[in-house]
Amino acid sequence: MVKFLKVIAYILIGGVVIVGALLLWFDRSKDIDFTVYHPDAWVTCNGKINKDSVEYVQLTKWLQLNNSNWQNYVATASPGYFYKSDDITIHVYKHGVVVNYYDGQNWSQVQKSVDTKEIHGICKSS
């Protein structure tokens, strides 16, 4: 009986260690090189913006300043203001951003709580 309890204890300890390691791995901070995903034009809920537009320049600067400390995010992003291209979608909210991006093999989703006044817009109804 004692051997059985030791085996159960080892299994439980091993399970806790594995779950803890997975949680730490999932909760790690990510840095994203947004220049890899930057298209010639972004699609927004208000139409396309090109490299010569003020909004495009503001988004580019914002992404350069906010390329670090992103957290994994598993919830589905709710509708909001967005910037979209083939390999990346940026959902912008008043106090945070959710990014879905394709790294060539997999889609990933990350979020960051940050001030977005420079890039947050309102989707106009048509």
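The present account deals with the structure reproduced in this document.

Reading guide: rules and limits
Residues numbered from 1 in each chain as written. Predicted model: local features only at pLDDT ≥ 70, side-chain atom pairs only at ≥ 80, totals over all residues. Heavy atoms only, no water. Helix = DSSP H or I, 4+ residues; strand = E, 2+ residues; numbered from the N terminus. Rg over C-alpha atoms; globule rule 2.2 N^0.38 Å. Buried < 20%, exposed > 50% of the residue type's maximum accessible area, 1.4 Å probe, protein only. Areas by Shrake-Rupley, 256 points an atom, 1.4 Å probe, with all protein chains shown as cover. Lys, Arg positive; Asp, Glu negative; His and termini not counted. Charge placed at Lys NZ, Arg CZ, Asp CG, Glu CD. Pairing = 2+ DSSP bridges. Contact = heavy atoms within 4.5 Å. Axes fitted to C-alpha atoms, helices over the stretch in contact; angles between N-to-C directions. Disulfide = S-S within 2.5 Å. Salt bridge = Lys/Arg side-chain N within 4 Å of Asp/Glu carboxyl O. Patch = residues over 30% accessible without salt bridge, like charges linked within 9 Å, V, L, I, M, F, W, Y side chains within 5 Å. Phe/Tyr/Trp six-rings, centres within 6.5 Å; stacked < 30°, edge-to-face > 60°. Core = buried A, V, L, I, M, F, W, Y, C linked by side-chain atoms within 4.5 Å.

**A word on the overall build of the protein**
Thinking step 1. Per the secondary structure count, the protein includes two helices and eight strands.
Thinking step 2. If you list the helices and strands of the protein from N to C, you get α-β-β-β-α-β-β-β-β-β.
Thinking step 3. Against the compact-globule benchmark of 14 Å for 126 residues, the protein has a radius of gyration of 20 Å, which places it well outside the compact range.
Thinking step 4. C-alpha extents for the protein along the principal axes are approximately 75 × 30 × 25 Å.
Thinking step 5. A burial count over the protein gives 32% of its 126 residues as buried.
Thinking step 6. Carbon and sulfur atoms form 60% of the exposed surface of the protein, whose accessible area is close to 8600 Å².
Thinking step 7. Taken together, the 12 basic and 11 acidic charged side chains of the protein have centroids lying 9 Å from each other.

**Things to note about the sheet that holds strand 6 (residues 88-93)**
Thinking step 1. Spatially, 1-4-8-7-6-5-2-3 is the arrangement adopted by the eight strands of the open sheet, whose pairing is antiparallel. The outermost strands of the open sheet, each flanked by one partner alone, are strand 1 (29-30) and strand 3 (47-50).
Thinking step 2. Here strand 6 runs beside strand 7 (residues 96-102); their pairing, made up of six bridges, is antiparallel. Directly across from Ile88, in strand 7, lies its bridge partner Tyr101.
Thinking step 3. Across the sheet, helix 2 (residues 54-65) is in contact with strand 2 (41-44), strand 3, strand 4 (70-72), strand 5 (81-84), strand 6 and strand 7; its angle to strand 2 comes to roughly 100°.

**A short note on the state of the cysteines**
Thinking step 1. This model, assessed by the stated rule, comprises one disulfide.
Thinking step 2. Sulfur-sulfur distance for the disulfide between Cys45 and Cys123 comes to 1.9 Å. On the S-S bond that ties Cys45 to Cys123, the torsion sits near -85°, and the link is left-handed. One end of the pair, Cys45, is in the loop between strand 2 and strand 3; the other, Cys123, is in the segment after strand 8 (107-113), with 78 residues separating them in the sequence.
Thinking step 3. Relative accessible area serves as the criterion here: at 23%, Cys45 is assigned to the partly exposed category.
Thinking step 4. Cys123 gets classed as partly exposed once you look at its relative accessible area, which sits at 36%.

**Concerning the pattern of salt bridges**
Thinking step 1. For the structure shown, the criterion picks out two salt bridges.
Thinking step 2. Asp115 is the salt-bridge partner of Lys117, the closest N and O atoms lying 3.7 Å from each other.

**Notes on a nonpolar patch on the surface**
Thinking step 1. A grouping of Met1, Phe4, Leu5, Val7, Ile8, Ile11 and Leu12 is seen on the molecular surface, where their side chains present a nonpolar patch of about 750 Å² in accessible area.
Thinking step 2. Relative to the helices and strands, Leu12 is located in helix 1 (residues 2-26).

**Here we look at the packing of aromatic side chains**
Thinking step 1. In this structure the tally under the stated criterion is five aromatic pairs.
Thinking step 2. Here Tyr81 and Tyr83 contribute two aromatic rings whose centre-to-centre distance is 5.4 Å and whose plane-to-plane angle is 75°, an arrangement assigned as edge-to-face. In this pair, the class of Tyr81 matches that of Tyr83, namely buried.

**A look at the nonpolar core**
Thinking step 1. Grouped together as the largest cluster of nonpolar side chains are 21 residues, with contacts concentrated most on Trp42, Trp70, Tyr83, Ile88, Ile90 and Val99.
Thinking step 2. Every element with two or more residues in this core is listed here: helix 2, strand 5, strand 6 and strand 7.
Thinking step 3. If you tally residues by element for this core, the top one is helix 2, at four residues.

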